[in-house]
2 protein chains.
Amino acid sequence: SQYALPFSVSSLIAIQSKYDKRKVLHSIKVGIALVLVSLLYLLDPLYEQVGDNAMWAIMTVVVIFEFTAGATLGKGLNRGIGTLLGGGLGCLVAILADEVDRVSNAVIVGTSVFLFGAAATYCRLVPSIKRRYDYGAMIFILTFNLVVVSGLRADRIIELARQRLSTIGMGFAVCVFTSLFIFPNWASDELHRSISSKFGKLGICIEGCLEEYFRLPDEKENQTKGNLADCRAVLDSKSSDESLANFARWEPWHGKFGISYPWDKYLQIGDVLRELSATIISLKGCLQSPRQPSSTIRHSVMEPCETVGLYLAWTLGELGESIKKMERCPPKELVASKLQSMKQALSLIASPSKLGAVDNGEGLAMASFVFLLMEIVDKVEVLAKEKETGKEEEEKEEANTERAFLLKMMKAFVTGLLIGFLGISSVVQCIP
Amino acid sequence: SQYALPFSVSSLIAIQSKYDKRKVLHSIKVGIALVLVSLLYLLDPLYEQVGDNAMWAIMTVVVIFEFTAGATLGKGLNRGIGTLLGGGLGCLVAILADEVDRVSNAVIVGTSVFLFGAAATYCRLVPSIKRRYDYGAMIFILTFNLVVVSGLRADRIIELARQRLSTIGMGFAVCVFTSLFIFPNWASDELHRSISSKFGKLGICIEGCLEEYFRLPDEKENQTKGNLADCRAVLDSKSSDESLANFARWEPWHGKFGISYPWDKYLQIGDVLRELSATIISLKGCLQSPRQPSSTIRHSVMEPCETVGLYLAWTLGELGESIKKMERCPPKELVASKLQSMKQALSLIASPSKLGAVDNGEGLAMASFVFLLMEIVDKVEVLAKEKETGKEEEEKEEANTERAFLLKMMKAFVTGLLIGFLGISSVVQCIP
């Protein structure tokens, strides 16, 4: 065909093997981080400073290190904030409880453990908190509990808390270093790639459906382009897209992704893509229905339908490519004219002279097929518009970055403060 | 309407508030478990036995306690097995490394940390392992690392490992007790409820779509039964269903769920339901298309279509109810006859005398609507069959329980062994 698709099966295989390579890379990175943090035990001068608290650094690395940089940062910050809040509140309660006698002390501690534990657990079940701060709430409960109960026993509780915090900070620093500076694996890149590749996959699916429909019965064993599995994968991708967007929000400004990049727009485009794939699955069901007419009757509408299929695949492929490259190409007018000519071709098929000649039940099936194709064309039009507004929003965002920049800087400042605090406290501890 | 639907909006609200009540209950249970495990610190005789290792019990409770009993058990067993494997392997390497001099010792420890850490991390990324044993692999890395590096320092490493294991066992026992014996929240119940309620929701959606389609323009502001949000929720439910089925597999035999209950069947029914909801969304799109004819023309097909809609909603509702009650009612023949009469009604509409009179583009839209209804009827037929085979499989399973029973018993035995080992070691430790 003259319209070469930007996505082919071989490129999908390339993506798959690339993904495997990234898995191996990630495993190696985790290994490096573990060895680095184990040095706290292995090197005598370091061990003399931190002692058995080095355990907390190892624990932090094992628990925090995730596949993408955003997830690692998010978990690390959650852990830091949860530890600070839980530790602070725990110290407060422990000091208050210290004023009274032994029995009331135990009662106060028990009650506070129950109340804060139950309240924080309830918060973890609220969807909006669960999405981004689930881990932080868990660490809050853990730290609060540990601090408040050991406050009964340890006299130097502040000292203990400081030591643990600093070792956790060391673990976090090792994670951030290995995750962000050695071949970083950005969630934002992955979301970008996954959304833009879906366009091409759906285009191939549509083309494959039509090819199969118009194939003569004797050429059965031919290889079909694309299959329904891709469509189903797109349909089921909501939760993975959402978690990637969540992680991407934690990631700092890097590469082509500017400050406060509109990740929500990606999710909206993903929703439209899912609707499109639901329609494609319906189309496939319609084409495989036993009510469809014989192949000779099908051939009367073959030419315009195949043209529409090719145009659809081309448009989807181009939209995907332009999202991938973050360009405004293909020109809006070109896409619009393609869509217009597809609509004309379809209304031509729908004329009574074509469909009227066909038998009753079979005509129904074919009419439904043409109608679903029309619906798909409409959805692609919506997609093209969504993409356009997304691009505009992005540019508006870029023009109007001042507020966003300030916001981002404030976030970065708080993060830096936290990391700095942990870092300084660990340095202080290491000076004899 | 004479066919009262088993699901109404008010019952959905009841489910919602029931869910909230379960959230509160879960929070209270976590609070109780935390207080119980804090007693290790608060009561002097207990503290004298376990000492600062009580920390590990608190950590276990905070980390393991999940919303459903199955998730708690799964995480607990993962933690237990991961700790045992990691600890055992760590001891082995530490003892081996102890034979050589100080520097080679550090090299051996560092290399083994890197190799085992990277290998286990790669395993965590394999989808089939990730699904059920992700947490276990993480705990394996953590324990192996802690044991192997502190082996350099602690002489009494076996003693340390035994103490930690026993406190982890205590935490696990508290979790199992609170989660399984105080108002247990079974993942299997939730999956059962969620799958069976989807039938009713989709039925209401279909009815609502048809009602809206045939409504006269002047009665616009009427309340519509069900909306597309329910359909979309069903469409997006794959990941939550899968995780529930995962948790349900960890749960012991209880209530109406027998030994090796066919959870995969639920997932298959869920897939068919998702396909059905994709078709309903297409139907909705088709009905809202500007290509649809005016309401007067619509009314020519209103009566049979509404009958079909009611029958569909009735059939779906009945199927859902019978899954909910785990009965074979409604009789197969009754459902089959309903489906047959629906098909007849639809083929009546599809006759040329009805649709032939309509104008070209509008006829296409209406034909598509009727065809999609036919497709929906087909899908419901598939669902009814799936359900039937599910029921048969279940009964076959019950008749042929001997092998399954043995398998389950073996699993229970291993679990018991593990819990027993942890329990005994903690009791031994508490005897002065």
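This one's a predicted model, so the numbers in the text were calculated from it and none came from an experiment.

### Regarding the overall build of chain A
Piece 1. For chain A, the count of helices and strands is 17 helices and zero strands.
Piece 2. Look at the contacts in chain A between residues 6 or more apart in sequence, and 84% of them connect residues 24 or more apart.
Piece 3. Put simply, chain A shows about 19300 Å² of open surface, and 63% of that area lies on carbon and sulfur atoms.

### Here we look at a nonpolar patch on the surface
Piece 1. On the surface, a cluster of nonpolar side chains totalling about 600 Å² of accessible area is made up of Tyr122(A), Val24(B), Ile28(B), Ile32(B), Leu36(B), Phe177(B) and Phe181(B).
Piece 2. Of all the secondary-structure elements, those providing two or more residues to the nonpolar patch are helix 1 (9–42) and helix 7 (157–181) of chain B.
Piece 3. Per-element accounting of the nonpolar patch gives the leading share, four residues, to helix 1 of chain B.
Piece 4. Mapped onto the elements of the fold, Ile32(B) is located in helix 1.

### With respect to the confidence of the model for chain A
Residues and elements named next belong to chain A.
Piece 1. Per-residue confidence for chain A averages 75 on the pLDDT scale, and 67% of its residues sit at or above 70.
Piece 2. The low-confidence segment residues 1–7 (pLDDT under 50) makes 15 contacts with residues lying over four places distant or belonging to another chain.
Piece 3. Both scores are available for the predicted complex, with the pTM at 0.79 and the ipTM at 0.78.

### Describing helix 13 (residues 302–325) of chain B
Piece 1. Taking 1.5 Å per residue as the helical rise, helix 13 of chain B with its 24 residues ought to reach 34 Å, and the 34 Å between its terminal C-alpha atoms agrees with that figure.
Piece 2. Where helix 13 of chain B terminates, the next one or two residues include Met326(B), which has phi positive at roughly 55°.

### Quick look at the nonpolar core
Piece 1. Ranked by internal contacts, the top residues of the largest apolar core, which has 93 residues, are Met55(A), Trp56(A), Ile58(A), Met55(B), Trp56(B) and Ile58(B).
Piece 2. Apart from the residues within four sequence positions on either side, Ile58(A) is in contact with Val37(A), Tyr41(A), Leu142(B), Asn145(B), Leu146(B) and Val149(B).
Piece 3. Counting 86 residues, the second largest nonpolar core, distinct from the first, contains Val308(A), Cys205(B), Ala278(B) and Ile280(B).

### Things to note about the side chain of Arg22(A)
Piece 1. By the element assignment, Arg22(A) lies in helix 1 (residues 9–42).
Piece 2. When sequence neighbours within four positions are dropped, the list of residues in contact with Arg22(A) reads Phe67(A), Asn185(A), Glu190(A) and Arg193(A).

### Remarks on helix 9 (residues 228–235) of chain A
Piece 1. Along helix 9 of chain A, the residues that are buried comprise Leu228(A), Asp230(A), Cys231(A), Val234(A) and Leu235(A). One face of helix 9 of chain A carries all of its buried residues, which in axial projection span an arc of 155°.

Quick notes on the rules
Residues numbered from 1 in each chain as written. Chains lettered and ligands numbered in written order. Predicted model: local features only at pLDDT ≥ 70, side-chain atom pairs only at ≥ 80, totals over all residues. Heavy atoms only, no water. Helix = DSSP H or I, 4+ residues; strand = E, 2+ residues; numbered from the N terminus. Contact = heavy atoms within 4.5 Å. Areas by Shrake-Rupley, 256 points an atom, 1.4 Å probe, with all protein chains shown as cover. Patch = residues over 30% accessible without salt bridge, like charges linked within 9 Å, V, L, I, M, F, W, Y side chains within 5 Å. Salt bridge = Lys/Arg side-chain N within 4 Å of Asp/Glu carboxyl O. pLDDT = per-residue confidence, 0-100. Expected span 1.5 Å × (residues − 1). Core = buried A, V, L, I, M, F, W, Y, C linked by side-chain atoms within 4.5 Å. Buried < 20%, exposed > 50% of the residue type's maximum accessible area, 1.4 Å probe, protein only. Arc of directions from axis to C-beta.

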